[in-house]
Amino acid sequence: MAASLLKLGKILSSLYILLLCIVLRPCCCENVDEFLKPECAFDVQKLWMREVANSPFAAAPLIADINGDGRLDVVAAPFSESLTVLDGSTGQHLPDTLWPIQSLHRSMYASPLQYDADGDGMFDLLFCTSSGELIFYSANGTRMKKYKQLPSSFVLDKWYEKVVVSSAENINQFVKVERPSNESDHTDYLKVSPHILATPVIADLNRDGVIEEIVIPVSYYYDEDEYRLSQQLHRSRKNTTVADLEKYLIGGLVYLNLTSMNVLHTVFLELSQMTANFPAYILFSPTVIDLDSNGGSLETITGTSSGKIYTIDTEGQIRSGFPLSLNTVHGQLTVADVNHDGHLEIIAVDTSGNVACFDRVGKTLWETEISGSSSSGTRLADINGDERYDLLIMTDAGDFYVLHGTNGTIFTGYPQKLNSNIYANVLLSLLHDDDLPLFFALPSDGYLNIISMNQDCHTRVNIGESSLVQILSHDLVPQTKNLELLVATKDGTIICFSVTQPYIEKEVEYGSEQAVLTALPSETKSANDFVYLFYKPRVEITKQTKEAVDVMGSYFRLDFVITDPNAGDKTTRYNINVYYGSHLLVQSSYEEPGHYTLNVPIWLEPSQGHILIVMTNQHGQTFKDSYPIKFNKLILKDLQWLLISPFVAMAIILLVIHGFPAKDLLPLTNKDKNR
């Protein structure tokens, strides 16, 4: 009875508010529909929270199994102070390790990366600092010997007296990789320091089967603190002021081999002053992909704050028809077949609200203008079920857009206005099965927003602090049946949320597919995978294979599934590479999706590491899955027991036959009290 009265009271209260809005409209209610929306069904619970620094996160964390124990961890690299690895289920620093690591004199604009630096089969961690350092740490927090400081560039003194801005066509007249050796030019070039302001990309650029190349976006300029500490610069440039140093800014790319740590080549794209209206910074990750879809080496697509978009081959040459011109570009360029014509397109968004789609040779296919400015780039998903990619775009003004990928038109009902600044991409996820509505997750000023895709409900969770980076999702807490959301805030805190829908009564068993289909463990799932959820190619290692973590013998069975919704529309080929850490174990190729099995050779020595399977399609797009594994570890333990067991057995037999000796078996030396 009490419950019925309470329900009746709620109904009367809602009717009363609605009546007031109708009578007083528009004085108190601008949108009566807001009161007619059904009660939101999202139940958001905070599972754990960990403050790792007092500085903000300038790049998203990384979710991965760091130590090979089969459990997910969170690698956190805030802007400064510390680097750490957290247990994904509890938020505690990884036990029995050296984490956290103090990093008081370094800053980070890049997300952590994984790479097998020492070739032992276990993925190590790579941190790229803003001062151009590449630093490797093992899983337990030990700093490794492998290290690289990117070289500086050399810029002609007073270059700005000759040109206003130097572009790729003539930049080599003013910028050199090394200072000229002839004495007349030696003093005319200034040494300018490298800075990494975005996450680099690790990929197999030359398609030789070895993932060892890294493309690093580099902005060369004088940091004021570095200048003041540089006594050598003070002596050589006594009349140089900080204002003079602001006239030297270069944007470029450095191609590095991670095996040898040698620079393959450096590409200088633009030279400008730091105070220019359109400076030459590179503030986002490059995109590497086979733009021609011809099976050759991968091209690099990137842009600068000046609004130029470049396509560069593996030899460092800029492609004909590029650069393209927009206003300032800050977000990573999305490259995918968005119009379903079998070829790749480039999607760019500038800070003036221009959205443009270009084909692989730089021809404009369509343009759309949105309100506000966007600095986060775009993501792709099939929103309306028409088996075409749609664009998800966030603006700094808090407008959330969805555009048709084929022509750029804006979806009906969009933009959704959140009335707060948003600087990161939206996350599209799925809680249970595909019969239930999808939801969007995005951070705004002090809140975590959960919005159903059908826009029926919008939950706002007060987290007390804003976030500048992508929300991540994964099955961090195995004890729960749904995925968790990971938010990294501006005050250096990581918060793990669980999102459920209480009205769901049935239990859905996804098995290993749940994490594969809806997880976003990093800013992008691979170097060129920008698509959320189902309608895309993917490769998945089966649950049975992942459970067999201890393998013995010479070979082991790897079962995996290739999925591609577009397979029937065109001729495709799926190249499969299986790695143990950085070591290529086996290669194979398939012409259609399906369930396949490979007999993979086991690593010769007893060891523990990560198995990585990489599928590459005709566009050079890569899709990955991995799991930890142990090779012949049980045999090693058995051998250890076999070696020691004869000695143990002999000792027992002697004790049984002779008993314990009455005297010590070994001679003793005692001091003589009389001496």
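Parameters at a glance
Residues numbered from 1 in each chain as written. Predicted model: local features only at pLDDT ≥ 70, side-chain atom pairs only at ≥ 80, totals over all residues. Heavy atoms only, no water. Helix = DSSP H or I, 4+ residues; strand = E, 2+ residues; numbered from the N terminus. Buried < 20%, exposed > 50% of the residue type's maximum accessible area, 1.4 Å probe, protein only. Contact = heavy atoms within 4.5 Å. Areas by Shrake-Rupley, 256 points an atom, 1.4 Å probe, with all protein chains shown as cover. Core = buried A, V, L, I, M, F, W, Y, C linked by side-chain atoms within 4.5 Å. Pairing = 2+ DSSP bridges. Axes fitted to C-alpha atoms, helices over the stretch in contact; angles between N-to-C directions. Phe/Tyr/Trp six-rings, centres within 6.5 Å; stacked < 30°, edge-to-face > 60°. Lys NZ or Arg CZ within 6 Å of the ring centre and 35° of its normal. Polar contact = N/O pair within 3.5 Å; in protein donor to acceptor, adjacent residues only side chain to side chain. Salt bridge = Lys/Arg side-chain N within 4 Å of Asp/Glu carboxyl O. pLDDT = per-residue confidence, 0-100. Patch = residues over 30% accessible without salt bridge, like charges linked within 9 Å, V, L, I, M, F, W, Y side chains within 5 Å.

Time to look at the overall build of the protein chain. Helices and strands together make up the secondary structure of the protein chain, namely eight helices and 44 strands. A buried classification covers 53% of the 675 residues belonging to the protein chain. For the protein chain, contacts bridging at least 24 residues in sequence account for 58% of all contacts bridging at least 6. For the protein chain, the exposed area adds up to about 31100 Å²; of that, 51% sits on carbon and sulfur atoms.

Another aspect to go through is the environment of Y189. Structurally, Y189 can be placed in strand 12 (residues 189-192). Residue classification places Y189 among the buried residues on the basis of a relative accessible area of 7%. Taking the C-alpha atoms as reference, Y189 lies 8.4 Å from V175; in sequence the two are 14 residues apart.

Our focus in this paragraph is the nonpolar core. Soluble, globular proteins show a tendency: their nonpolar side chains are buried together. Counting residues in hydrophobic clusters, the biggest one holds 53 residues, and the most contacted among them are L392 and F440. Tallying contributions element by element places strand 36 (residues 493-500) first for this core, with five residues. When near neighbours in sequence (up to four residues on either side) are disregarded, L392 contacts G377, T378, R379, A381, I383, F400, Y401, V402, V426, L428, F440 and Y532.

Below, the discussion takes up the sheet that holds strand 23 (residues 345-349). One key point about sheets: their strands pair by backbone hydrogen bonds, in either a parallel or an antiparallel sense. Here we have four strands laid out as an open sheet, ordered 22-23-24-25, and antiparallel in their pairing. Whereas interior strands pair on both sides, the edge strands pair on one side only; in this sheet they are strand 22 (334-336) and strand 25 (364-369). Going across the sheet, the axis of each strand differs from the next one's by a mean of 15°, ignoring polarity. Note that strand 22 and strand 23 share three bridges and pair antiparallel. Within strand 23, the residue paired with T334 across the bridge is I347.

Okay, the sheet that holds strand 31 (residues 439-444) next. The strand order across the open sheet built from four strands is 30-31-32-33, with neighbouring strands paired in antiparallel fashion. Each edge of the open sheet carries a strand with a single partner, namely strand 30 (427-429) and strand 33 (458-462). Each neighbouring strand pair of the sheet contributes to a mean axis angle of 20°, computed without reference to strand direction. By the bridge criterion, five bridges tie strand 32 (residues 447-452) to strand 33 in an arrangement that is antiparallel.

Within this structure, the stated rule accounts for 18 aromatic pairs. Consider the rings of W99 and Y137, whose centres lie 5.7 Å apart with planes at 50°: the pair is tilted. Of this pair, W99 sits in the loop between strand 4 (81-87) and strand 5 (101-103) while Y137 sits in strand 8 (residues 133-137), placing them 38 residues apart in sequence. Here the two residues W99 and Y137 agree in accessibility, since each one is buried. On the numbers, 6.1 Å between centres and 35° between planes, the contact of F560 with Y596 is tilted. Of this pair, F560 sits in strand 39 (residues 555-563) while Y596 is found in strand 42 (residues 594-601), placing the two residues 36 residues apart along the sequence. Three or more aromatic residues link up through ring pairs in this structure, and these residues are W159, Y160, Y222 and Y248. Across from the ring centre of Y447, 4.0 Å away, lies the NZ or CZ of R460, which sits over that ring.

Once that is clear, we can look at the side chain of D87. Mapped onto the fold, D87 is located in strand 4. Residue classification places D87 among the buried positions, given a relative accessible area of 12%. A polar contact of 2.6 Å, which involves the side chain of D87, links it to the side chain of S89. In contact with D87, not counting residues within four places along its chain, are W48, R71, L72, D73, Q92 and L94.

Our focus in this paragraph is the pattern of salt bridges. For the structure shown, the criterion picks out 12 salt bridges. Salt-bridge contacts for D157 lead to K158; the nearest nitrogen and oxygen are separated by 3.6 Å. By relative accessible area, which is 34% here, K158 ends up partly exposed.

With that out of the way, let us pick up the pairing of strand 26 (residues 378-381). Where burial is concerned, the two faces of strand 26 agree: the one with T378 and L380 and the one with R379 and A381 are both buried. Pairing analysis gives four bridges linking strand 26 to strand 27 (residues 390-394), with the strands arranged antiparallel. Paired with R379 across the strands is L392, a residue of strand 27.

So, on to the environment of G372. In this structure, G372 sits in the loop between strand 25 and strand 26. On a C-alpha basis, the gap between G372 and A397 in space is 5.6 Å, while along the polypeptide they are 25 residues apart. With sequence-adjacent residues up to four places away left out, G372 is seen in contact with T351, S352 and G353.

With that out of the way, let us pick up the side chain of D396. Tracing the backbone shows D396 in the loop between strand 27 and strand 28 (399-404). Dropping the residues within four chain positions of it, D396 is found in contact with S373, S374, S375, S420, N421, I422 and Y423.

Turning to the environment of S89, a few remarks are in order. Along the polypeptide, S89 turns up in the loop between strand 4 and strand 5. Judged by relative accessible area, S89 falls into the buried class, the value being 15%. Sequence spacing of S89 and V477 is 388 residues, and the spatial spacing of their C-alpha atoms is 4.5 Å. Of note is the side chain of S89, whose polar atom sits 2.7 Å from the side chain of R71.

Strand 32 sits mainly inside the fold: five of its six residues count as buried. With six bridges joining them, strand 31 and strand 32 adopt antiparallel strand pairing. Opposite A441, over in strand 32, you have I450 as the bridge partner. Between strand 32 and the antiparallel strand that follows it, strand 33, lie five residues; Q455 among them carries a positive phi value of about 65°.

Attention shifts here to unusual backbone geometry. Note the cis peptide between F322 and P323, where omega equals 10°. Within the element layout of this structure, P323 appears in the loop between strand 20 (308-312) and strand 21 (324-325). Between Y414 and P415 the backbone carries a cis peptide bond, its omega angle lying at 10°. Counting through the fold element by element, P415 comes out in the loop between strand 28 and strand 29 (416-417).

Across the protein chain, the average pLDDT comes to 84, with 82% of residues at or above 70. In this model residues 1-39 is a low-confidence stretch, pLDDT under 50, and it forms 16 contacts with partners more than four residues away in sequence or in other chains. In this model, residues 503-517 is a region of pLDDT below 50 whose contacts with residues beyond four sequence positions or in other chains number 33 contacts.

Attention now goes to a nonpolar patch on the surface. A contiguous nonpolar surface patch, about 410 Å² in accessible area, is contributed by I652, I653, V656 and I657. Tracing the backbone through its elements, the reader meets I652 in helix 8 (residues 633-658).

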